[in-house]
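One letter stands for each residue in the lines below.
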Amino acid sequence: MNRRLRQRAIDLGQSTRLSDEPRGIPNTTLHVMGIALTFVSVGMGLSTIVEVLSTSKAEYALLISTLICGGLGVSLWRGTRVGTVRTRDVFAAVGWTWLIVTLVGAVPFLLAGSFAFGGMDLGEQIVNSIFESASGFSCTGSTALTNFEEQGRGLMMYRQATQWYGGMGIVVLAVSVLPFLGVGGLDLIAAEAPGPSSDRLAPRVSETARHLWVIYVLFTMVVVLVLMAVPGPSLYDSIAHALSTTSTGGFSPYGDSIGHYDSVAVEIAIMAGMLYGAVNFSLHWRAARGELSAYRKDSEFRAFIGMLLVAGMIVIGFLWLDDGFSITNAIRYGAFNVVALGTSTGYSNAQGTTSEGDFVLWASGAQIVILFLFVVGASTGSTAGGIKVMRVQVLCSHTIRSIRRTQQPRAVLPVKHGSRAVAEDIVSRMAGFFLLYALLVAFGVLLLTGLGGDLDASIGATIGALGNMGPALGEAGPTASFSDAFPEPARVVLSAYMLIGRLEIFPMLLMFAAPLRAIGDRTRR
Amino acid sequence: MTKRPKSETALPRLSQERARPSSYARLAVTDGIVALGVIAAFSGLAGAFDDSGDALFLGGFGVVATTFGVAAHRRLDRRLRPAPGRVLSGLALSWLILVVIGMGIYLATGTTDRVDNALVESAAGFSTTSVTTLDPSTLPVPMQLFRAGTQWLGGLIGIIVGVVALPLVFRGSMLTGAAIGSGERLNPNATIAQQRVSKIYLVFTLLMFGGYVASGLGALDSIVHAFTTVSTGGFSSHADSFVGFGSGARTVAVVGMTVAGSSYFVIWWALRGRIAPLWRSTELRVYVGLLAAGSVLVALSADGVGLGEAAFMATSALSTTGYAIGDWTLLDDSVLMLLLILIGTGSMSGSAGGGLRVARAWTLVGFARRELRRQLDPHSVAVIKQGGAAIGEPVLERTTGYQIAHLGLSGLAAFLLAAADVDVVGAIYTGISVLSTHGPGVGTDAFGNLEPLSPLARLFLTPFMLAGRLTILPLLLAVSFAFRVEKGAIRRARRIITRAIRR
């Protein structure tokens, strides 16, 4: 404490002890990053225990990773404190946190040699590890792995856990635990999931975040119990799939995903879990407090279910009439894939590359419907990806208003969602989001094809990465690995797109705004 | 205040004649029929030495159609300010009737014996989309000229929509040429605008004809390609488009396509020697920039393709003409994607081309940047400018609505084509290409041949060609107007029936 401040403290009768001063460098980004890394290291630690108790193939890799991640996290957490919480600081905090967590989260795969086969050089191993980590934390579910059986069970459990962390949001986790981050916490939550509704479940932001995590954890436990009750999955399988179902991530410890079980009962249980995870969590909260009609009253929920029903009927129709499936298989494979992709989970129930569950072999019309589901995604306030149903509703309403305004230029025509009018700045923001999304898709496909990808796989992969879907079209379908379909540089681009999509574009594009402004301010001084 | 007797306030009647019926729709249709009659008569006359059967038919049809159209036109009264919905529904109706008549001509002359092929060929012609169900090299001369003439007429309709009708509907708040300068405008009113546009179009056609002749093409090839270059239509007298032509003809085509894809407002200022407004035009700069960048990127990405060939492909794509100098669908996927972006962006607004239009695309980029900036500072006041003039919020609202409708229709087109057994990439590519009035691509072939597509897929393309030619928001406006008129008619009919029953 300097002499002037010390004198002022004495005059005011305050303590002058150094221990009472706020400790640490004031930097919001590093502080949030430290908390997030600390939490992720807990997941790594638990996975280490699983590894030690099971296959013991990657225990050292996980242990070292835990120490690195935990050490870095605690150092940043304790060594810094919350600084300014302006808008650009919030975006920087969220963007950089996710980026660093993804990079550190790749370390277990790299140290365990998950991709050290077939003469793969170190550079490609690093790229694949980052791809897998990005796919995990962003709940995308695309994979570069091909040798699932050779991986340690603890490492695979860690892989599932990355999606579970990413589903609710690691920043939301930080906000729920630390009241200090309550200041600007709602901005942080909104920045991590900047959808149209950042519903407050409680008056205090940290309580809202905590409620979200309570629902999330309880929901995960229910899915575990349901999967254990169904013949097929073991305890390990149930926990692993519960982590990636509640987060609508889609990872599986098995190369053939849910097709591994070849069980309709398992598929139905998983479908129920995916649907639950793809609905706005505030509706679940209200239902838990006795307001069951909340689902029926919500316009977005009705539109989402309606969309899945219509898409399902169209796809089943194509499979039955065009592809010659039996009616039962058409319903089974059609319904499962529509729900899996409509909720942006990305599970597959195909058994092998020639299976009826492999949608890249389906009629073109069914695949276009699948692509439409890739784009739209699920509900706001859920763990799912895509543009979100509410945005689509508002933008359709905006387009209809544009037409009507041409006929009646002076009419007052608000854009409505359900029975509520949507403010013009929100409509503008959604239109801007949609434009950025379209520009990113065009640029991404151009980039991927320029780096050697096929046009159909590139279109599916770009839209799928931005929407956090998982599988793509063509050579990157549900039974394929992205390491076969795309060269290394393309996988780097896809990793970035996954994070951009998970954070709904703005934070990742604006994360450089704060550091650049800080540099600019210092230069001017 | 005492009311004056009605006789003192009423305007004196100028004539004792009955007032002539007025209808913009009927005017648009009769104008269209007259124009089609002229095209048919010209085709019949010019092709008389080749196939006397077709020439006689076309010539006779031309005379009848022109006579009928002129006679019908004289009975109608022209309102200076029709309602927006009437203007656009009138143009849509005119286009539909022309397509049906064109289909009838193809069937009557035996050019094709399939109704679906005739319909698609006629729609492709009037929408200036370079897709075809015929082998043009086997057609007799009169039919080649008629076919090219339908695109010439379709291009003129497109320019009239962009330069005359839409500014009339949106009362000068459109992006078309409003921001590029003061002085005498191209479109002070609808009549003068239509006359000026028609003159420029005709002179441009003659210049292109002269250019192609000078480059060594024969008379027939020169006429056909002059018609389809100025209209950005893309039909050719050869099944393989420009493959067999030399560099001279290709150079003329590149120049022609570049000008055809430019705004008629820009052409007007250039003709009047006003450089400053041209320099200020953001849209023109972006258009030229896209042409240059597209050419360079295609040359760099495609193996064995020189800069000249790349420039041809990029210009054909951006102007949405659809000419080809080889099977470009066999090129690398990155080149296909690049060309798709150019096709989707399209030409300048107020031109004969299609697509989203450069002005709209650039405005949308500015809008996206503004929203990004607003994330950091929600209270910031950020103005989007083009050509030095600020773009108002109503225009931004309409532009974003247009873009969403455009993407939605592209998706619908892709779904319908996929349902008709076109593969996924082909469906997406062809859907975007047809909606932009370009035509060829993955799914058809590089020369727009629709043979790979099933009859159902070809029929599905027809409404999207209309949507692309009329541009989407006006089409939706026309449809909603027609729907309201129909609803009103149903309501009136129901009222009449209810009254009759009560009596």
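Summarised in this report is the structure supplied together with it. (Residues numbered from 1 in each chain as written. Chains lettered and ligands numbered in written order. Predicted model: local features only at pLDDT ≥ 70, side-chain atom pairs only at ≥ 80, totals over all residues. Heavy atoms only, no water.)

1. Quick notes on the overall build of chain A
And step 1. Helix and strand content of chain A: 24 helices and 4 strands.
And step 2. When each of the 525 residues of chain A is scored for burial, the buried share is 59%.
And step 3. Accessible area of chain A: about 20,500 Å², with a carbon and sulfur share of 63%. (Helix = DSSP H or I, 4+ residues; strand = E, 2+ residues; numbered from the N terminus. Buried < 20%, exposed > 50% of the residue type's maximum accessible area, 1.4 Å probe, protein only. Areas by Shrake-Rupley, 256 points an atom, 1.4 Å probe, with all protein chains shown as cover.)

2. A look at the side chain of T399(B)
All names here are of chain B.
And step 1. Structurally, T399 can be placed in helix α16 (residues 393–419).
And step 2. Here T399 falls in the buried class, since its relative accessible area comes to 6%.
And step 3. At 2.6 Å, the side chain of T399 and the backbone oxygen of V395 are in polar contact. (Polar contact = N/O pair within 3.5 Å; in protein donor to acceptor, adjacent residues only side chain to side chain.)

3. Side note on the packing of aromatic side chains
Residues and elements named next belong to chain A.
And step 1. Under the definition given, this model contains 24 aromatic pairs over all chains.
And step 2. Considering the side-chain rings of F109 and Y158, the 5.8 Å spacing of their centres and the 50 degrees angle between planes classify their relative orientation as tilted. Highlighted residues: F109 in helix α5 (residues 107–111) and Y158 in helix α7 (residues 153–168), separated in sequence by 49 residues.
And step 3. When its relative accessible area of 2% is taken as the criterion, Y158 is described as buried.
And step 4. Residues Y216 and F281 carry aromatic rings whose centres are separated by 6.2 Å and whose planes lie at 55 degrees to one another, so their mutual orientation is tilted. Taken as a pair, Y216 in helix α10 (residues 205–229) and F281 in helix α13 (residues 281–288) lie far apart in primary sequence, 65 residues in all. (Phe/Tyr/Trp six-rings, centres within 6.5 Å; stacked < 30°, edge-to-face > 60°.)

4. Regarding the environment of D221(B)
Residues and elements named next belong to chain B.
And step 1. Its location among the elements puts D221 in helix α8 (residues 219–230).
And step 2. When the C-alpha atoms of D221 and S236 are compared, they prove to be 7.8 Å apart, with 15 residues separating the residues in sequence.
And step 3. Looking at D221, its side chain comes within polar contact range of the side chain of H238, at 3.3 Å.

5. Describing the interface of chain A and chain B
And step 1. If you look at the interface, chain A gives 45 residues, while chain B gives 45 residues.
And step 2. Buried area between chain A and chain B, both sides added, is near 3,600 Å², and the carbon and sulfur share of it is 75%.
And step 3. In this assembly, chain A and chain B are joined by 1 salt bridge.
And step 4. As a salt-bridge pair, R401(A) and E397(B) come within 3.7 Å of each other at their nearest N and O atoms.
And step 5. Seen at the junction of chain A and chain B, the total is 5 residue pairs in polar contact (both at pLDDT 80 or more).
And step 6. Per-element tally for the side of chain A that touches chain B: the top contributor is helix α19 (residues 424–450) of chain A, with 14 residues.
And step 7. Taken together, the residues that form the side of chain A that touches chain B break down as 24 nonpolar, 14 polar and 7 charged. (Contact = heavy atoms within 4.5 Å. Buried area = accessible area lost by both parts, 1.4 Å probe. Salt bridge = Lys/Arg side-chain N within 4 Å of Asp/Glu carboxyl O. Nonpolar A, V, L, I, M, F, W, Y, C, P; charged D, E, K, R; others polar.)

6. Side note on unusual backbone geometry
Residue and element names in this part refer to chain B.
And step 1. One non-glycine residue with positive phi stands out, namely T232, at about 55 degrees.
And step 2. Even without glycine at this site, S241 takes up a positive phi of about 55 degrees.
And step 3. If you trace the backbone, S241 turns up in the loop between α8 and α9 (247–260).
And step 4. With a relative accessible area of 5%, S241 lands in the buried category.

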